[in-house]
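Observations on the three-dimensional arrangement
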Amino acid sequence: MKVVETEFYSLKIPAGWLDLGKLGNLVDQSFDATSLYFVDSFSNAPIIAGLFVINAPADNLEDTRTKCLKGYKDNPDRIFPKDFVDEQTKITLESGQDAYLLKTRFFRPTKQLNQSRFDLVVYSDKAKQGYLVTVSIQYKDDTYIFEKDNNLDNFANKLYSYFKLK
């Protein structure tokens, strides 16, 4: 495992993941795990896996959660399944702070891929801002059985167990 530390948080990432660094002002950290955990393709399309730590300007944890959920729907490159309701679970981090686990899924017309997205939503009193630790898995399967068959919920939660606010 590779440790990534900032003044406000730390996380561990599997050593083989490609570190893409910062992506503008919004994405504080980004890592590509494509071809490392899943088969290279499914239904004749690639499987793209990544983890991002996103700066989420907010006033508190609830504001961070609300803005994350709203942000899901603001992107025009997302078509959501009719009956799916974004999942939300409030948890306590090992470091004692409250956090949320959010989950959504959608189809990305520009990539012609479905996406399962998991967010660990936290608020740092020290940084005075929220963070989203986003796990994104993109694949071609409009039934989303790929998500269940590959236990993507547990995959994301395992990664989140390595995140700590300072």
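Residues numbered from 1 in each chain as written. Predicted model: local features only at pLDDT ≥ 70, side-chain atom pairs only at ≥ 80, totals over all residues. Heavy atoms only, no water.

As for the pairing of strand E7 (residues 48-56)
Quick note on the threshold: For every residue, the accessible area obtained with a 1.4 Å probe (protein chains only) is divided by the maximum for its type, and the residue is called buried under 20%, exposed over 50%, and partly exposed between those limits. In DSSP terms, a helix is any run of H or I states spanning at least four residues, a strand is any run of E spanning at least two, and both are numbered starting from the N terminus. Pairs of strands are assigned from DSSP output, requiring at least two bridges between the strands.
Burial analysis of E7 places seven of its nine residues in the buried class, which makes it a mostly covered element. Pairing between strand E4 (residues 27-32) and E7: five bridges, direction antiparallel. Looking across to E7, one finds that Phe31 is bridged to Leu51.

Some words on the confidence of the model for the protein
Note the cut-off: Each residue carries a pLDDT score, the predictor's own confidence in it, on a scale running from 0 to 100.
The share of residues in the protein with pLDDT of 70 or more is 100%, and the mean pLDDT across the chain is 95. Across the protein, element-level confidence peaks in strand E10 (residues 113-124) with a mean pLDDT of 98 and bottoms out in strand E5 (residues 41-42) with 84.

Concerning the environment of Ile13
Note the threshold: Only heavy atoms matter for contacts: two residues are in contact if any of them lie within 4.5 Å across the pair.
Topologically, Ile13 is positioned in strand E2 (residues 9-13). Considered as a pair, Ile13 and Gln29 are 16 residues apart in the sequence and their alpha carbons are 11 Å apart. Apart from the residues within four sequence positions on either side, Ile13 is in contact with Met1, Lys2, Val4, Phe31 and Leu51.

Regarding the nonpolar core
For clarity, the threshold we go by: For this analysis, a nonpolar core means a set of buried residues of the types Ala, Val, Leu, Ile, Met, Phe, Trp, Tyr and Cys, connected via side-chain atoms within 4.5 Å.
Counting residues in hydrophobic clusters, the biggest one holds 33 residues, and the most contacted among them are Leu51, Leu120, Val135 and Ile137. If you list the elements that add at least two residues to this core, you get E2, E7, strand E9 (98-108), E10, strand E11 (129-139) and helix H3 (152-160). The residues contacting Leu51, other than those within four sequence positions of it, are Leu11, Ile13, Trp17, Gln29, Ser30, Phe31, Val133, Thr134, Val135 and Leu159.

A short note on the packing of aromatic side chains
Each aromatic ring pair is described using two quantities: the centre-to-centre distance and the angle formed by the ring planes. Let me state the cut-off plainly: In summary, the pairing rule links any two rings of Phe, Tyr or Trp, Trp by its six-membered ring, whose centres are within 6.5 Å, and it sorts them by plane angle into stacked for under 30 degrees, edge-to-face for over 60 and tilted for everything else.
A complete count under the given rule lists 10 aromatic pairs for this structure. For the ring pair Tyr9 and Tyr131, a centre distance of 5.1 Å and an interplane angle of 70° mean the geometry is edge-to-face. Here Tyr131 lies in strand E11 and Tyr9 lies in strand E2, a separation of 122 residues in the sequence. In this pair, the class of Tyr9 matches that of Tyr131, namely buried. Here the aromatic rings of Tyr139 and Tyr144 are separated by 6.3 Å at their centres, their planes lie at 85°, and the arrangement is edge-to-face.

Considering H3
So the rule is basically this: The reported arc concerns the directions from the helix axis to the C-beta atoms and nothing else.
Within H3 the residues assigned to the buried category are Leu152, Phe155, Ala156, Leu159 and Tyr160. In an axial view of H3, the angular spread of the buried residues amounts to 135°, which keeps them on one side of the axis.

Some points on the sheet that holds strand E12 (residues 164-165)
Taken in spatial order, the three strands line up as E1-E2-E12 in an open sheet, and their pairing is antiparallel. The outermost strands of the open sheet, each flanked by one partner alone, are strand E1 (2-5) and E12. Inspection of the sheet shows E1 paired to E2 by four bridges, in the antiparallel sense. The residue bridging Glu5 from the neighbouring strand is Ser10, located in E2.

Quick word on the pattern of salt bridges
If charged atoms from side chains of opposite charge come close, those side chains can pair. As a reminder, the rule being used: Take a side-chain nitrogen of Lys or Arg and a carboxyl oxygen of Asp or Glu: if they are within 4 Å of each other, that pair is a salt bridge.
This structure, assessed with the given rule, holds 16 salt bridges. For the salt bridge of Lys67 with Asp63, the shortest nitrogen-to-oxygen distance reads 3.3 Å. Of this pair, Lys67 and Asp63 both sit in helix H1 (residues 61-74), four residues apart, which is roughly one turn of the helix. Note that Asp98 and Lys90 form a salt bridge whose closest N and O atoms lie 3.8 Å from each other. Lys90 sits in the partly exposed class, given a relative accessible area of 46%. The network of salt bridges with common partners includes Glu87, Lys103, Arg105, Glu147 and Asp153.

Considering unusual backbone geometry
In this structure, Gln112 takes a positive phi of about 60° despite not being glycine. Here Gln112 shows up in the loop between E9 and E10. Its identity is not glycine, yet Lys128 carries a phi of approximately 60°, on the positive side.

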